[in-house]
Amino acid sequence: MALREISKVIIESNKIGITFHTSPDGDAIGSTLGLLNGLREMGKDAYIISREVIPNNLSFLPLGCEIDGTIKAPIYGTDLVIVLDCGNVDRICADLDQYDGTIINIDHHVTNEKYGKYNYIDNKAAATAELIYILLKELNFVFNEEAESVEEIGNCIYTGLVTDTGSFRHSNVTKRTHSIAGELISCGVKNSKVHNSLFDNRPLSKVKLMGQSLSNVELLCDGKVAYIEISMKTLEELNLSHVDTSDIISIALSIENVEVAVVAKEAEDGVKASLRSKNKVNVSHIAESLGGGGHIKAAGLKITGSSLEQAKVKIINSIEKEIC
Ligand code: 5GP
Ligand code: MN
């Protein structure tokens, strides 16, 4: 369904719940808060549905405090639930089992399961935030004023663009991504301030984790794979939980001759792995073969009930099949 049709469904609704993928990143949160602020401006009774709390480094965004994990399922009387940046039903950060109303699914993952009544999936979009920008325009939101609300919504969308593109350096970036970023800057977004808020606020313990993880990186498959394991013990020693490791994996991927980088993190119930690809290897295939998903160059998976050692064997086997 086109975004124009989706905007009609939104216009006809009043009580609207917005949710996103579990362990939300900058795009999930930026898209959600961009849309939430926009819908409130339009006078809609819009609210957040989330089992999780906003990550610290994104809490500077407007209405971020509403992502507090209190409303986990749609409230009575909800006309519409919009799920953003989430490819799979079982990764939705909300309890929608009892909800029999309309669901709109807006996303850019190649592996999207099209679980909504209305689905808008554009895997050429660098970030879901790109789609939210276009959607807000369809909703007649004007992006050329220097009003405070425009700047605030712009900060949310800009955050989604920056975080899902590695600060505009990944190959998912298009002319459209830069055009939107440019338009946001012209309506008041302070790009450098957003970058500072996102990236220049690391707790010391996180920097120590980066040092420790990177000094233990292993090169496998003739140096084509950089593999990093992070144990629960390490996380506990550094007093870190729910840690974002996207900066660690991008440094691992920058090693010469490396084609695929992996960060495997031990959790209570198994191992969560992130995969990144530098050139041609499709890591979304690798993740899918192990029950995960994502994009061609950035994917993830969870192996429940597995140790770090067992997960490593499975992941490396799967990478070897894709590389050879
Ligand atoms: P990250 O490595 O940053 O957690 O995730 C990279 C990409 O893969 C994101 O687009 C994310 O949505 C997707 N992804 C991460 N973990 C999983 C997972 O367990 N299952 C699926 N289907 N996708 C995942
Ligand atoms: Mn995204």
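Everything discussed here concerns the structure shown above.
Note that the coordinates shown come from a computational prediction; the quantities given were computed from them, not determined experimentally.

About the thresholds
Residues numbered from 1 in each chain as written. Chains lettered and ligands numbered in written order. Predicted model: local features only at pLDDT ≥ 70, side-chain atom pairs only at ≥ 80, totals over all residues. Heavy atoms only, no water. Helix = DSSP H or I, 4+ residues; strand = E, 2+ residues; numbered from the N terminus. Rg over C-alpha atoms; globule rule 2.2 N^0.38 Å. Contact = heavy atoms within 4.5 Å. Areas by Shrake-Rupley, 256 points an atom, 1.4 Å probe, with all protein chains shown as cover. Lys, Arg positive; Asp, Glu negative; His and termini not counted. Charge placed at Lys NZ, Arg CZ, Asp CG, Glu CD. Near = heavy atom within 4 Å. Polar contact = N/O pair within 3.5 Å; in protein donor to acceptor, adjacent residues only side chain to side chain. Phe/Tyr/Trp six-rings, centres within 6.5 Å; stacked < 30°, edge-to-face > 60°. Buried < 20%, exposed > 50% of the residue type's maximum accessible area, 1.4 Å probe, protein only. Pairing = 2+ DSSP bridges. Axes fitted to C-alpha atoms, helices over the stretch in contact; angles between N-to-C directions. Expected span 1.5 Å × (residues − 1). Right-handed = clockwise from strand over helix to strand, strands pointing away. Donors = N, O, S within 2.8 Å, 3.2 Å for Na, K, Ca; no water.

Asker: Explain the overall build of the protein to me, and be specific about the residues and the numbers.
Answerer: A count of helical and extended segments in the protein gives 11 helices and 11 strands. Radius of gyration (C-alpha) of the protein: 19 Å, near the 20 Å computed for a compact globule of 324 residues. In terms of overall dimensions, the protein has a C-alpha envelope of 55 × 40 × 40 Å along the principal axes. Put simply, of all contacts in the protein between residues at least 6 apart along the chain, 63% involve residues at least 24 apart. When the accessible surface of the protein is split by element, carbon and sulfur atoms take 48% of a total near 15000 Å². With 32 positive and 44 negative side-chain charges, the protein shows a spacing of 4 Å between the two charge centroids.

Asker: Describe the site of ligand 1, naming the residues involved and giving the relevant values.
Answerer: Residues in close proximity to ligand 1 total 15 residues, the closest being Asn88, Arg91, His109, Ser274 and Arg276. In this structure, arginine 91 approaches ligand 1 through a side-chain N or O atom, which is 3.1 Å from an oxygen atom. The contact in question runs from a nitrogen atom of ligand 1 to an N or O atom on the backbone of glycine 293, over 3.2 Å. Computed on the free molecule, ligand 1 has an accessible area of 490 Å², of which 84% lies beneath the protein chains in the complex. Secondary structure elements with two or more residues in the shell around ligand 1: strand S9 (270–277), strand S10 (293–294) and strand S11 (298–304). With five residues, the single largest contributor to the shell around ligand 1 is S11.

Asker: Provide a residue-level description of the packing of aromatic side chains, including the pertinent values.
Answerer: The geometry of two aromatic rings is summed up by the distance between their centres and the angle between their planes. All told, the structure shown has three aromatic pairs when counted by the stated rule. Aromatic side chains tyrosine 133 and phenylalanine 143 sit 4.6 Å apart centroid to centroid with 40° between the ring planes, which places their arrangement in the tilted category. Taken as a pair, tyrosine 133 in helix H3 (residues 128–138) and phenylalanine 143 in the loop between H3 and helix H4 (148–164) lie far apart in primary sequence, 10 residues in all. For the pair shown, tyrosine 133 and phenylalanine 143 are each scored as buried.

Asker: Tell me about the sheet that holds strand S2 (residues 45–48), and please be specific about residues and values.
Answerer: Across the sheet, five strands lie side by side as S2-S1-S3-S4-S5; this open sheet has parallel pairing. Each edge of the open sheet is held by one strand with a lone partner, namely S2 and strand S5 (118–121). Strand-to-strand twist in this sheet, taken as the mean axis angle between neighbours without regard to direction, amounts to 20°. Direction of pairing for strand S1 (residues 15–20) relative to strand S3 (residues 80–84): parallel, over a ladder of five bridges. Directly across from glycine 17, in S3, lies its bridge partner valine 81. Helix H1 (residues 3–12) rests against S1, S3, strand S4 (102–107) and S5 of the sheet, and its axis sits at about 135° to S5. Packing of helix H2 (residues 26–41) onto the sheet brings it into contact with S1, S2 and S3, and relative to S1 it is tilted by some 170°.

Asker: Tell me about H4, residues and numbers included.
Answerer: Spanning 17 residues, H4 covers 25 Å between terminal C-alpha atoms, matching the ideal 24 Å at 1.5 Å per step. Taking burial as the measure, the 17 residues of H4 include 12 buried ones, the bulk of the element. Where H4 is buried, its residues touch H2, H3, helix H5 (175–186) and helix H6 (191–199). Immediately downstream of H4, the backbone of glycine 166 shows phi near 55°, a positive value.

Asker: Which residues make up the pairing of S2, and what values do they have?
Answerer: Pairing of S1 with S2 involves four bridges; the strand directions are parallel. Bridging from a neighbouring strand, isoleucine 16 pairs with alanine 46 of S2. Between S1 and its parallel partner S2, the chain crosses via H2, and the hand of that crossover is right-handed.

Asker: Hey, could you go over the coordination of the manganese ion (ligand 2) for me, with residue numbers and the actual values?
Answerer: Protein coordination at the manganese ion (ligand 2) comes from Asp27 (OD), Asp85 (OD), His108 (NE2) and Asp164 (OD), with a distance range of 2.1 to 2.3 Å. Taken in sequence order, the residues that donate to the manganese ion (ligand 2) follow the motif D-x57-D-x22-H-x55-D. Here the residue aspartate 27 occupies a position in helix H2, and aspartate 85 occupies one in the loop between S3 and S4, the gap between them amounting to 58 residues. As far as the burial class goes, aspartate 27 and aspartate 85 line up, both buried.

Asker: Which residues make up the pairing of S4, and what values do they have?
Answerer: The side chains of a regular strand alternate between both faces of the sheet. The element S4 is extensively covered by neighbouring structure, given that six of its six residues are classed as buried. As judged from the five bridges shared by S3 and S4, these two strands associate in the parallel manner. Within S4, the position partnered with valine 83 by the bridge is asparagine 105. Bridge analysis of S4 against S5 gives four bridges, and the strand direction is parallel. Bridging from a neighbouring strand, aspartate 107 pairs with isoleucine 121 of S5.

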